[in-house]
Every structure is written in structure tokens, then in C-alpha cells.
Amino acid sequence: MDSALGWIGKIFEYLGMFIPKFFILNTKQRAVRWKRGKFIQEDGPGVHVFWPFTTVVQTVNVVRQAMQLKPLPLTTKDMVSVAVGQIVVFEIYDAVKALTTTDEIMDTIGEIAQTALPDIIMGSTFEEIIADACHDDPETLSPLNATLTKYAAKLLDDFGVRVLYCKINALSKVTTVKLLGDAYATPGNLA
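Quick summary incoming for the structure in this document. (Residues numbered from 1 in each chain as written. Predicted model: local features only at pLDDT ≥ 70, side-chain atom pairs only at ≥ 80, totals over all residues. Heavy atoms only, no water.)

Let us now look at the pattern of salt bridges. Per the counting criterion, the structure on display carries two salt bridges. A salt bridge links Asp 43 to Arg 33, with the nearest nitrogen and oxygen atoms 2.4 Å apart. With Asp 43 in strand S3 (residues 39–43) and Arg 33 in strand S2 (residues 29–35), the pair connects residues that are 10 residues apart, well separated along the chain. By relative accessible area, Asp 43 is classed as buried at 4%. One salt bridge in this structure joins Glu 91 and Arg 162, with 2.6 Å as the shortest N-O distance. Linking Glu 91 in strand S7 (residues 81–92) with Arg 162 in strand S8 (residues 161–173), this pair joins segments that are 71 residues apart in sequence. (Salt bridge = Lys/Arg side-chain N within 4 Å of Asp/Glu carboxyl O. Helix = DSSP H or I, 4+ residues; strand = E, 2+ residues; numbered from the N terminus. Buried < 20%, exposed > 50% of the residue type's maximum accessible area, 1.4 Å probe, protein only.)

Moving on: the pairing of S2. Counting buried positions over the seven residues of S2 gives five, a clear majority of the element. Note that S2 and strand S5 (residues 55–61) share seven bridges and pair antiparallel. Bridging from a neighbouring strand, Arg 33 pairs with Val 57 of S5. In terms of strand pairing, S2 meets S3 through five bridges, oriented antiparallel. Bridged to Val 32 within S3 is Glu 42. (Pairing = 2+ DSSP bridges.)

The next point concerns the side chain of Gln 65. Relative to the elements of secondary structure, Gln 65 occurs in strand S6 (residues 65–75). Looking at Gln 65, the relative accessible area reads 16%, which means it is buried. Polar side-chain contacts of Gln 65 include one of 3.0 Å to the backbone oxygen of Asn 61. Beyond its immediate sequence surroundings of up to four residues, Gln 65 is in contact with Val 88, Val 89, Phe 90, Ile 92 and Met 106. (Polar contact = N/O pair within 3.5 Å; in protein donor to acceptor, adjacent residues only side chain to side chain. Contact = heavy atoms within 4.5 Å.)

Attention shifts here to unusual backbone geometry. Positive phi, normally seen in glycine, also occurs at Arg 36, with a value near 55°. Its place among the elements puts Arg 36 in the loop between S2 and S3.

Another aspect to go through is a negative patch on the surface. Taken together, the side chains of Asp 103, Glu 104, Asp 107 and Glu 111 define an acidic patch exposed on the protein surface. Looking at the element boundaries, Asp 107 is found in helix H3 (residues 105–122). A relative accessible area of 55% means that Asp 107 is categorised as exposed. (Patch = residues over 30% accessible without salt bridge, like charges linked within 9 Å, V, L, I, M, F, W, Y side chains within 5 Å. Areas by Shrake-Rupley, 256 points an atom, 1.4 Å probe, with all protein chains shown as cover. Lys, Arg positive; Asp, Glu negative; His and termini not counted. Charge placed at Lys NZ, Arg CZ, Asp CG, Glu CD.)

Relative to S7, S6 runs antiparallel, the two being bridged by nine bridges. Along S7, the bridge assignment pairs Leu 69 with Gln 86. The antiparallel pairing of S6 with S7 creates a hairpin that spans five residues between the two strands, and Met 79 there sits at a positive phi of about 65°.

Moving on: the nonpolar core. Ranked by size, the top nonpolar core spans 35 residues in total, and within it Val 88, Ile 105, Ile 109, Ile 121 and Val 161 carry the most contacts. Secondary-structure elements contributing two or more residues to this core are S2, S6, S7, helix H2 (95–100), H3, helix H4 (126–133), helix H5 (143–156) and S8. Ranked by residues supplied to this core, first place goes to H3 with eight residues. In this structure Ile 105 touches Val 60, Ile 92, Ala 98, Phe 159 and Val 161, once residues within four positions along its chain are discounted. (Core = buried A, V, L, I, M, F, W, Y, C linked by side-chain atoms within 4.5 Å.)

Given a rise of 1.5 Å per residue, 18 residues ought to cover 26 Å, and the 27 Å separating the end C-alpha atoms of H3 matches this to within 8%. Those residues of H3 lying buried are Ile 105, Thr 108, Ile 109, Gly 110, Ile 112, Ala 113, Gln 114, Ala 116, Leu 117, Pro 118, Ile 120 and Ile 121. (Expected span 1.5 Å × (residues − 1).)

Here it is, written out as C-alpha cells:
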């Protein structure tokens, strides 16, 4: 029955493109409109109207947000294998940049925030990372986290994103085990 009458829905969908649409933005959101595909307009909080036939609207949250990033397997300067996770806290200060310079802003934030991690971890010894993790002043960032934040902030500024801070929030040693038939490898029997 759905497919037999599906064409009626398509007709109403087509006709609906010629009727103005309303949308409401709260104080946490901004919208970017592409009029006729090329004229860009940013909308702030409030009630807005657009013509779906000639305008595309995309919204983004611009308030403080946190993103937990997956742990990366890395090797420190002193050849210790570790898995390091981090959190990035940010806000979007320019909705037009955020929505027009990349296809998916949240993926871009995660990808770029994580690019600093290998350089920082591979340039530090395991003991330095542990000492940094024991930083006990909640008002300031530890040296490694401050470097991570500065690096991410510099790169994400081009996308209209302000990084408030990045922190390493998960650290564990990783052991690689090579299976040898029914036994497991130990340092003495690795081939």
C-alpha cells in the first residue's frame, strides 16, 4: 500500500518546496543559509523563515562542548608502547567557517585535535608523561596538556573553532603478544 500511494507523498513533498518554512534557533545554536547555493548568511537565535526551493539551511551548536577521543597506540621516546586517550573541550566562534570549510566539523575537530598527540608522546619519555599526569594544580594545564592545547588551537582556528583545552585523560602501557601456535611469546622465545 505504501509503494502504491508513495507517489502522492512525493507530490506533496515537491509542492512543499514552494511554501516558506519556519525554524527556531535557541541561544546555543547558529545557522548558515546558502541562498541559491552561493549567497551565505548566518542566523542567530530566534525565529527564521526560508524558502526550501532556493535555500539550504544547516545548524551547528556553538557553545562549550567536549569530545572524548579514542586512545591511540603510540611509542614514547624511550621505546615504551602506550595507549593514550584525550579529551578536547571547544566552542565554535564562527559558524560560517565551521560549516563552509569542512564537510563534517565534528569529525574535523576530532581528527585535528588528535594530530598533535603523536608528536608530543613520541617526543617524551614514559617517566615524563607520568610526571605530567601527576600535575595537581586544577587551575592550570600541565606542560604536555598545554602544548597539546596550543597545537590544536592553532590548527582549529582556521575552522572557526576555539579550543579551550586538550587533556590526556587515559594512559596505559601496551604489551604486544605474538602467538606461537598453542603457546604465547615471551621475551626469551620471540623469533
